[in-house]
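Here are the chains, one letter per residue:
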Amino acid sequence: MNAELRRRAYLDAMQVATWLPRTELPFAAPSRAELLAPQPAEAPLDIVSEPVRETPVERPKIEIPRPGAQSRQAAVEPVAEPEPVEEKPARVSLPPPRFALQLLRAGDCALLVELPTGQPFQSRDPAYILLKDLLRAAGLPDSPQLLGEPVRWPLLVRGNMDQGPQAALEFVQSFVAARLEEQPSTCLWLVGLLAIRFAGEGDEHSYNRELQVEGLGACWAMPGLELLMEEPARKRELWQAMRRVRQRWSAPAHS
């Protein structure tokens with residue numbers, strides 16, 4: 001295929017119209033004979049259309065700011081967690097205990113006695129008669145002297161004042177200590193569990209034992225009068241304990 005035919009084939013492939021004049025144009029250059037020659041039908045056109053390659057579009061690069069030295073250090077180092085705040089347990093408000101105690105004096109001894117009925121002793125009360133028997137057995141006057149009014153707890157029926165067990169203990173100890181300062185004694189009897197608990201800071205395991213209480217001195221703890229009447233077997237243990245402790249108030253009488 002000559003150069004002219006190839007050119008026309010390229011133009012046809014690109015869908016570009018080509019034309020040649022049918023007649024001679026005035027003042028035109030003579031046409032070349034090969035251009036006016038008809039194209040052979042059997043001449044194949046070896047035109048290979050190359051695929052159009054699309055130029056990849058470059059995406060703009062997003063610049064990610066790099067952290068500085070301080071930022072890198074902050075990223076590596078673990079974040080310190082705040083120290084847990086120790087929560088103090090809320091103080092539980094315990095209900096106020098209920099009791100009535102009577103302070104008496106017999107010879108050189110003071111007696112803090114639990115009132116079984118909550119009322120002052122009467123001369124014919126069985127509990128008071130038993131108390132007189134105990135005083136005689138201990139070698140003390142059997143007509144004890146009252147030291148003030150009975151201590152009743154709680155003090156107030158209404159109000160926001162703390163009247164729990166600890167407040168009751170502090171009040172009873174302060175009350176008894178003030179009376180003993182006025183009239184000292186060689187031994188303080190704590191008669192009954194409530195007297196032992198709120199004056200001697202003891203419990204039922206303190207029965208028939210001697211206690212040393214700060215501000216009150218030497219104390220002797222014994223079961224309550226009502227308990228002794230309900231369980232007479234406890235009296236035997238009480239007599240045995242009394243023989244050991246009675247030297248506290250009996251020794252000065254023999255000197």
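### Digging into the confidence of the model for the chain
No. 1: Model confidence for the chain is summarised by a mean pLDDT of 80, while 65% of its residues fall at 70 or above.
No. 2: Looking at the elements of the chain, mean pLDDT is at its lowest for helix H3 (residues 69-76), recorded as 52, and at its highest for strand S2 (residues 109-114), recorded as 98.

### Focus on the pattern of salt bridges
No. 1: Here the structure, examined in full by the defined rule, presents 4 salt bridges.
No. 2: Between Arg136 and Asp142 there is a salt bridge, with its nearest N and O atoms 2.9 Å apart.
No. 3: Overall, the relative accessible area of 45% leaves Arg136 in the partly exposed class.
No. 4: Among the ionic pairs, Arg234 bridges to Glu231, the shortest N-O distance being 2.6 Å.

### Remarks on the pairing of strand S5 (residues 187-191)
No. 1: In terms of burial, S5 is largely enclosed, as 5 of its 5 residues are buried.
No. 2: Burial along S5 is two-sided: Cys187, Trp189 and Val191 facing one way and Leu188 and Leu190 facing the other are all buried.
No. 3: Across 4 bridges, the pairing between S5 and strand S7 (residues 217-222) is parallel. Residue pairing for S7: Trp189 is matched across the bridge by Trp220.

### Description of the environment of Gln145
No. 1: Structurally, Gln145 can be placed in strand S3 (residues 145-146).
No. 2: For the pair Gln145 and Ala110, spaced 35 residues apart in the sequence, the C-alpha separation amounts to 9.3 Å.
No. 3: Here Gln145 is in contact with Leu103, Leu104 and Arg105, once residues within four sequence places are set aside.

### Remarks on the packing of aromatic side chains
No. 1: Considering all chains together, one arrives at 6 aromatic pairs under this definition.
No. 2: Ring centres of Phe99 and Phe198 lie 4.7 Å apart, and the angle between their planes is 20°; on these two criteria the pair is classed as stacked. Taken together, the residues span a long stretch of sequence, with Phe99 in strand S1 (residues 99-106) and Phe198 in helix H6 (residues 193-199) at a distance of 99 residues.
No. 3: Ring centres of Trp189 and Trp249 lie 5.6 Å apart, and the angle between their planes is 55°; this geometry places the pair in the tilted category. Taken together, the positions of Trp189 in strand S5 and Trp249 in helix H9 (residues 247-254) put the pair 60 residues apart, joining distant regions of the chain.
No. 4: Given a relative accessible area of 4%, Trp249 falls into the buried group.
No. 5: One aromatic cluster is present, built from ring pairs that chain together Trp189, Trp220 and Trp249.

Here is what the cut-offs are and how they apply
- Residues numbered from 1 in each chain as written.
- Predicted model: local features only at pLDDT ≥ 70, side-chain atom pairs only at ≥ 80, totals over all residues.
- Heavy atoms only, no water.
- pLDDT = per-residue confidence, 0-100.
- Helix = DSSP H or I, 4+ residues; strand = E, 2+ residues; numbered from the N terminus.
- Salt bridge = Lys/Arg side-chain N within 4 Å of Asp/Glu carboxyl O.
- Buried < 20%, exposed > 50% of the residue type's maximum accessible area, 1.4 Å probe, protein only.
- Pairing = 2+ DSSP bridges.
- Contact = heavy atoms within 4.5 Å.
- Phe/Tyr/Trp six-rings, centres within 6.5 Å; stacked < 30°, edge-to-face > 60°.

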